[in-house]
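Chains, contacts and geometry: an overview
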Amino acid sequence: MPRISDCLIVAACSCSVVLGAEFNRTSLPVPQGPFKGKIGLTPAESEKDFPDEVAAPDGAPNVLIILTDDVGFGASSTFGGPIPTPTFDRLANSGLRYNQFHTTALCSPTRAALITGRNHHTVSTGGIMEIGVGYPGYNTVVRKSCGTIGQVLKYNGYNTAWFGKNHNVPDWQSSQAGPFDLWPAGLGFEYFYGFVGGDTNQWAPAIVENTRPVEPPHDDPDYNFDEDMADRAINWIRMQNAVAPDKPFFCYYATGTAHAPHHAPKDWIAKFEGKFDKGWDAQRDQTLARQKELGVVPQGTKLTERSPGIPAWDSLNTKQKELYARMMEVYAGALSHADHHFGRIIDAIEESGELDNTLIIYIQGDNGASAEGSAQGLLNEMTFFNNIAVPFETVYENRDKLGGPMAFNHYPIGWAHAMDTPFQWTKQVASHFGGTRNGMVMSWPKRIKDKGKVCSQFHHVIDVMPTILEAAALPAPDSIDGITQEPIEGTSMAYTWDDTDAPSERTTQYFEMFANRAIYDDGWVACTTPPIAPWVAVADAVDVIDGYEWELYNIDEDFSESENLAEQHPDKLRELQRLFYIEAVKYDVLPLDNSKVERLDVRNRPSLTEGRDKFTYYAGMTRIPEGSAPDLKNKSFAINAVVDIPEGGAEGLLMTQGGRFCGVGLYLLKGKPVFVYNLADVERYRVEGDEPLAPGEHVITFDFNYDGGGVGKGGRATLSVDGKKVGSTDFPRTIGYRMSLDETLDFGEDTGTPVSEDYQVPFKFTGEIQEVTIQISDHELTEEQLQKYREMQVKAALSR
């Protein structure tokens, strides 16, 4: 009879395995290979073996993507513009410029297309996150079958990080309640330091680290987010190189500059004093001349006409010219300052010895320059989004605040058009190159030898991901995390590195945004004429099919789309129109929709607040974004705070939503209750009590009884303590559409900026908050109903 040990030895020997296969990179994560050691009865009879860690292919480069915000083709010095961008110039001289590179004409869509390699409608991002609606091309929920470049590189042995702007989280998923699978951490980025949303204040940013909100220093007058972000990126890159020098990194660096607010240090703005006094029309002429000199446009390129609605510079009065020139100085200071910090990151890579094998893709703008600043520019961007007119004199009188922490400014439409030289139109207008043509540079010293040349192949932001994959010798995966992947729709641009004059490998590309649409095919472009300018916040509806004229251009001969050939070639126009709708069906572009304000309504999307009319919060709950907060707009509401006041009194923030540039706040100031309604920094309505609260428990109630009758109307505001009125007044007007683009709902302290200048953040409450409740109602209430509500809140507090 055999011994047990003999059986064990036989079994152990049968476990010995020989060599495993090479990595299968088509199914990610790469499956763990077989054990290649030997198992014996004892360690002495066994051989150890660890699973092979997935490594990037030999020679795979580091990858750095730099993406700026709202910067047109004709802004940077690298593409003939008036704003010095020495880092962009440096990379162009060590690499290649691409003068026919395109984006989608808007923020979130471009960014979704960039990181997935697929058209923006394919990845459900036909608009920004705040206008998502329930159609496949527009619901803002990127399918897991459309994996990102972050996931592919991470699973293939790269360290990955994302710095800066993330405008790709669905509106209702951007709170601390998640889910987080569409945040950077869920999209393959191991580290994130930036902000979630469309824009942020450079002096008081709403920073998120991974998924956790963090506050910038409130006591540092020199703090600037672009500088902070660059410091973080440099430290991250240095850490990767110090700890794992053989492991490549992927850094996606997406500054919020130069999206509004245009913020920059004073000394950077001062560099441009007087540089734009000549005006936007003369600037367009100078830029085109410089573009021809640099060879980034053909010599025969014509300057397109000024888009309808933009005034001639010579038609302006002296004050207008002074103000608008100043606004452009601020914008130039912001972009050049950001470019300076990009240079610091590249210097750090060079100091580590890694620059030679780093593929840098620098895209100057996620769309064309922004014309959301109206004809006269904005002191506060929130006035545009709420359709609030501000007198010119008010903006002019506050011109010295532009670029600093007391403004949320944006330049006028004339400068946006000039920054898109030589093209027509601007951001949002996907039909024309003013909205979609962006300068791009690629540099990879180890691989690109034909340095300093201009590549004129027609390409699109979806082509970035396949370019990186080819550079790293990686296949597009068939599956990620067990989910079969949809085909990547981009085309690699790597072929241009060996032959800068090679024919374009992208022959067709559609464009669409807010029903402004175009189709490129083999050198021809058919496009619609925009019936509504992007600087018009509210306009009469236009039929998306019959209300649009079409234009036709041969861009092989007409680089700037200056000569409309629709009448000369009607058959070609019809052919391209048919092709557009074929592509539209293929890529989930339909249904076409030119509405904007209507889609901002949160009722269009899933919501954490849907079906609820009462919300309870506690001290320390901060940074709740508007998409996840009770909606206080266009309705009656009440805020009820139960507090304990210590001996000696208390003050501080009870509740706030928004901040300096638009918002509401309930707080105690020197012991007295105060409620402030900040109407986009145009008016501040205020109701307050006369007496400080005595020590002990109190119920502070603010109720607002909305007049109704439309959007942004007024109502009666009442402040009560322990059920007794201490102040009441009428608010003649309220916010109708959006309370804030970057600030949040906070309790017990204020993040970001103050809603009123009579306190400074964080203004933590010095007593104790038992709870704060918010009640909302779509109905106008009688005074009797309101009084009953106040008394009920007092009784509820006393019964606890």
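The sections below set out a description of the structure shown in this document.

What counts, and at which threshold
- Residues numbered from 1 in each chain as written.
- Predicted model: local features only at pLDDT ≥ 70, side-chain atom pairs only at ≥ 80, totals over all residues.
- Heavy atoms only, no water.
- 1 Å grid on protein atoms, 1.4 Å probe; cavity = no way out; pocket = protein on both sides within 12 Å on 5 of 7 lines; lining within 4 Å.
- Points joined across faces, edges and corners; volume = space filled by probe spheres on them.
- Helix = DSSP H or I, 4+ residues; strand = E, 2+ residues; numbered from the N terminus.
- Nonpolar A, V, L, I, M, F, W, Y, C, P; charged D, E, K, R; others polar.
- Buried < 20%, exposed > 50% of the residue type's maximum accessible area, 1.4 Å probe, protein only.
- Expected span 1.5 Å × (residues − 1).
- Arc of directions from axis to C-beta.
- Contact = heavy atoms within 4.5 Å.
- Phe/Tyr/Trp six-rings, centres within 6.5 Å; stacked < 30°, edge-to-face > 60°.

Another aspect to go through is empty space enclosed by the protein. Scanning all chains against the criterion turns up six cavities of 30 Å³ or more. Size it by volume and the largest cavity reaches roughly 480 Å³. In this structure, the largest cavity is lined by 26 residues; those nearest its centre are Ile-128, Glu-372, Phe-385, Gln-428 and Leu-600. Of all the secondary-structure elements, those providing two or more residues to the lining of the largest cavity are helix H9 (381-385) and helix H15 (597-600). In terms of residue count, H9 provides more of the lining of the largest cavity than any other element does, three residues in total. Among the residues making up the lining of the largest cavity, the classes are represented as 14 nonpolar, four polar and eight charged. Counted as a void, the second largest cavity has a volume near 380 Å³. Looking at side-chain class alone, the lining of the second largest cavity contains eleven nonpolar, 13 polar and eight charged residues.

Let us now look at the environment of Glu-53. Structurally, Glu-53 is set in the loop between strand E1 (27-28) and strand E2 (62-67). Residue Glu-53 is classed as exposed on the basis of its relative accessible area of 71%. Considering only alpha carbons, one finds Glu-53 and Gly-186, 133 residues apart in sequence, at a separation of 21 Å.

Peptide bonds are mostly trans, and most non-glycine residues show a negative phi. With an omega of 0 degrees, the peptide bond between Ala-260 and Pro-261 qualifies as cis. Along the chain, Pro-261 turns up in the loop between strand E9 (249-254) and helix H6 (266-270). Residue Pro-762 is reached from Val-761 by a cis peptide bond, and omega for that bond is 5 degrees. With a phi angle near 65 degrees, Trp-425 is a residue other than glycine that sits in the positive phi range. Considering the arrangement of structural elements, one finds Trp-425 in the loop between helix H11 (413-419) and helix H12 (433-436). A relative accessible area of 6% places Trp-425 in the buried class. For Asp-722, which is not a glycine, the phi torsion comes out positive at approximately 55 degrees.

An ideal rise of 1.5 Å per residue puts 21 Å on 15 residues; helix H7 (residues 280-294) measures up with 21 Å between its terminal C-alpha atoms. The complete set of buried residues in H7 reads Trp-280, Gln-283, Arg-284, Thr-287, Leu-288 and Gln-291. Buried residues in H7, looked at end-on, bunch into an arc of 135 degrees, giving them a common side. Looking at the buried side of H7, the elements it contacts are helix H8 (318-351) and H11. The first or second residue beyond H7 is Gly-295, which carries a positive phi of 80 degrees.

Evaluation of the coordinates by the stated rule reveals 52 aromatic pairs. Ring centres of Phe-675 and Phe-731 lie 6.4 Å apart, and the angle between their planes is 15 degrees; this geometry places the pair in the stacked category. In this pair, Phe-675 sits in strand E24 (residues 672-679) while Phe-731 sits in strand E28 (residues 724-731), placing the two residues 56 residues apart along the sequence. Of the residues examined, Phe-675 reaches a relative accessible area of 0% and is grouped as buried. A relative accessible area of 1% places Phe-731 in the buried class.

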